[in-house]
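# Results of the structural survey
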Amino acid sequence: MGSISGTALLLRLRAAGGLVAGTQIAERKGTAEWTSGDLRYRISLKEGPDGARWWVSVGDRQLGRSFHEGGVLASIPIRPAPEQAPLPWPTADDEVVPFLRELHARLVPAVGFVADRRDLCALLISPGDVRRGELVADLRAGYVERVLRAFVVARHAGDHEAAAVAHAILVSPPAGAPTEGITSLLDQARIWADQWSYQSGLAIEVPDTVGAVVSATADHAPTPAPTFWERVG
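What you see is a predicted model; the values in this text were computed from it and never measured. (Residues numbered from 1 in each chain as written. Predicted model: local features only at pLDDT ≥ 70, side-chain atom pairs only at ≥ 80, totals over all residues. Heavy atoms only, no water.)

### Description of the pattern of salt bridges
- Overall, the coordinates contain 13 salt bridges when judged by the stated rule.
- Its salt-bridge partner being Arg118, residue Asp159 comes within 2.6 Å of it at the nearest N-O pair. Here the residue Asp159 occupies a position in the loop between α4 (143-157) and α5 (160-171), and Arg118 occupies one in helix α3 (residues 117-124), the gap between them amounting to 41 residues.
- By relative accessible area, Arg118 is classed as partly exposed at 40%.
- Within this structure, Asp38, Asp60 and Arg117 form a network of salt bridges that share partners. (Salt bridge = Lys/Arg side-chain N within 4 Å of Asp/Glu carboxyl O. Helix = DSSP H or I, 4+ residues; strand = E, 2+ residues; numbered from the N terminus. Buried < 20%, exposed > 50% of the residue type's maximum accessible area, 1.4 Å probe, protein only.)

### Focus on the nonpolar core
- If you look at the biggest cluster of nonpolar residues, it comprises 64 residues, and the most contacted ones within it are Leu45 and Leu103.
- Looking at this core, the element that brings in the most residues is α4, giving nine residues.
- Those residues in contact with Leu103, other than ones at most four positions away along the chain, are Leu13, Leu45, Trp54 and Leu87. (Core = buried A, V, L, I, M, F, W, Y, C linked by side-chain atoms within 4.5 Å. Contact = heavy atoms within 4.5 Å.)

### Section: the packing of aromatic side chains
- Under the criterion given, the structure shown has four aromatic pairs.
- Where Trp192 meets Trp196, the ring centres are 6.2 Å apart and the plane angle is 45 degrees; that geometry is what we call tilted. A residue pair is termed a helical-turn pair when its members lie 3 or 4 positions apart in one helix, as Trp192 and Trp196 do in helix α6 (residues 186-200) at four residues.
- Among the aromatic residues, those joined into a cluster by ring pairs are Phe67, Trp192 and Trp196.
- One cation-aromatic arrangement involves Arg79 over Trp55; the distance from NZ or CZ to the ring centre is 5.0 Å. (Phe/Tyr/Trp six-rings, centres within 6.5 Å; stacked < 30°, edge-to-face > 60°. Lys NZ or Arg CZ within 6 Å of the ring centre and 35° of its normal.)

### Comments concerning the sheet that holds strand β3 (residues 39-48)
- The antiparallel open sheet is built from seven strands, whose spatial order is β1-β2-β3-β4-β5-β7-β6. Of all strands in the sheet, those bounded by a partner on one side alone are β1 (24-26) and β6 (130-132). Neighbouring strand axes in the sheet, compared pairwise and without regard to direction, differ in orientation by 25 degrees on average.
- Bridge count for β3 against strand β4 (residues 51-60) is 10 bridges, and the pairing is antiparallel. Residue pairing across strands places Leu45 opposite Trp54, the latter belonging to β4.
- Along the sheet face, helix α1 (residues 6-15) touches β1, β2 (31-36) and β3 and points at about 165 degrees away from the line of β1. (Pairing = 2+ DSSP bridges. Axes fitted to C-alpha atoms, helices over the stretch in contact; angles between N-to-C directions.)

### Digging into the pairing of β4
- Most of β4 is tucked away, with nine of its 10 residues classed as buried.
- Where β3 folds back onto β4 in an antiparallel hairpin, the turn is made up of two residues.
- With four bridges connecting them, β4 and strand β5 (residues 75-80) associate as antiparallel partners. From the neighbouring strand, Val56 faces β5, where its bridge partner is Ile78.

### Quick notes on α1
- Those residues of α1 that sit buried are Gly6, Thr7, Leu9, Leu10 and Leu13. When α1 is viewed along its axis, its buried side chains cluster within an angular range of 160 degrees and face the same direction.
- Where α1 is buried, its residues touch β1, β2, β3 and α2 (93-111).
- Looking one or two places after α1, you find Gly17, whose phi comes out positive at around 85 degrees. (Arc of directions from axis to C-beta.)

Below, the structure is given as structure tokens:
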């Protein structure tokens, strides 16, 4: 049947009822995206040299979006553990259905890897990758940026405790954190916060104290950042 694309396979999976109703599949990108509750999900499926390469990105419903969409990329990729054998990419039509069955069986626990927004925050502040069963949360992205994303998500959710935990890490990183001996991450976090505010249109601030974190955390969306004219006016 010739080479079949990741997009075509995801379309077949959706048609068979293997994806949530309303899942959006991007043409030619091999991705399927949907939201459920407070979380946003995206499956990526590509053909690799040794078989299918797939992962599930799980993020905050709003803040998991890209900067130009008003988010801060608050999302984590969930991948198969390194020792898990890859699925052979189907090369004939009679191989597609067995492939999709096995793929679906692997996707289900990946989609359920992150329980809720608090769990997302807990994963974002982790010093390194987190393994659960045969899946791994890939946390190789910059540590300061991840902790700041957890802080922003927690404040957005009105979760005082999770926001305070993330802020405490920025003030004084725990032993074993990948910070190269830096005693405080606040200055770095504020540089990122200012840049993200400009890119996303959200007002992202990192206060000095935990008390300020709690008093400013409310269950509503982040406020828009000041416009250029408001900044200079």
